[in-house]
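# Structural overview
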Amino acid sequence: MIELEDDGSGDARVAVLRLDHGPVGAMDVELCDAIAERFRALATSAVRAVVVTGTGRAFSAGVDLKRFLAGGGPYVERFLPALCESFRAVFELPKPVVAALNGHAIAGGCVLAACADVRLMAEGGGRIGVPEARVGPPFPRIAIEVLRHTVGDVAARRLTIGALTYSPAEALAMGLVDRVLPPEEVLPQAVATARAMATEVPPDTFALTKAQLRRDALERTSRYADEAAAVTELWSRRAADGWTARYLESVTRG
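A short tour of the structure in this document, coming up. (Residues numbered from 1 in each chain as written. Predicted model: local features only at pLDDT ≥ 70, side-chain atom pairs only at ≥ 80, totals over all residues. Heavy atoms only, no water.)

All right, on to the pairing of strand β2 (residues 14–19) then. Buried residues dominate β2, accounting for six of its six residues. The side-chain alternation of β2 yields two buried faces, one formed by V14, V16 and R18 and the other by A15, L17 and L19. Taken together, the five bridges between β2 and strand β3 (residues 49–53) define a ladder with parallel strand orientation. Within β3, the residue paired with V16 across the bridge is V51. (Buried < 20%, exposed > 50% of the residue type's maximum accessible area, 1.4 Å probe, protein only. Helix = DSSP H or I, 4+ residues; strand = E, 2+ residues; numbered from the N terminus. Pairing = 2+ DSSP bridges.)

Structure follows, in structure tokens:
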């Protein structure tokens, strides 16, 4: 599900994680568990920075809706904590993280990218955004806080309530991505960016500064933990009431 490669050595060592889970990197409980496990291990490893990317035409198209609909409430109770832990493990990593968006980054895939410190996106037909409201289930709190941290309150409101997806150029304009590059340049530039972040700032200074910047978002995530039951209940309801099934049919028809 996740390929791990090393690029460089010593102080310049960068880990490249490639999501390789089906044709569009759909997020299910197994992939989320694997992401969290990998990033927790990287926190104490010798690598100095991390690049996360996808395969084929997508970075990640978000939650595996077919699996969600088939599993219903029992699956939701396993999946939501795994999803939240995957976001948290990436967001909290005390090392530079660069997302190399090779294609679509939709819904959970967009949030995963937003957990990184820097996002580089390929030119072309890839889309990025968070259409969850149209899909039906609500955001878990950590997803909202990650987006607020990344683009600010106003843009996060527009992203979440608008529930649209955006072209690379539009995403650049709103601060959702940091650079838009030709597809063949995205991964090499991501590795170069990660290496520069790891070698041009002392690692302990980087780790503290990153923690300071993200402290409010993480504290709010913990403060509003009582939302989890309502979020889980609505996810289970959407699996049963036909809303998400109709959405999935509308976007896959033809």
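Looking now at the pairing of strand β7 (residues 118–122). Buried residues dominate β7, accounting for five of its five residues. Of the pairings in the sheet, the one linking strand β5 (residues 97–101) to β7 comprises four bridges and is parallel in character. The partner of L101 across the bridge, within β7, is M121.

We now examine helix α1 (residues 29–43). In this model, α1 (15 residues) spans 21 Å end to end at C-alpha, consistent with the 21 Å of a helix rising 1.5 Å per residue. V29, L31, C32, A34, I35, A36, F39 and L42 are the residues of α1 that are buried. (Expected span 1.5 Å × (residues − 1).)

With that settled, the discussion passes to the packing of helix α2 (residues 65–92) against helix α11 (residues 243–252). Axis separation between α2 and α11 bottoms out at 11 Å; the angle between their running directions is 150°. Considering their axes alone, α2 and α11 lie roughly antiparallel with respect to each other. Seen along the crossing, α2 lies across α11 with a hand that is left-handed. Touching L65, K66, F68 and L69 of α2 are T244, A245, Y247 and L248, all from α11. Residues belonging to the contact of α2 with α11 are distributed by class as follows: six nonpolar, one polar and one charged. (Axes fitted to C-alpha atoms, helices over the stretch in contact; angles between N-to-C directions. Parallel < 35°, antiparallel > 145°, perpendicular 65-115°, else oblique. Left-handed = near helix turned anticlockwise from the far one by under 90°. Contact = heavy atoms within 4.5 Å. Nonpolar A, V, L, I, M, F, W, Y, C, P; charged D, E, K, R; others polar.)

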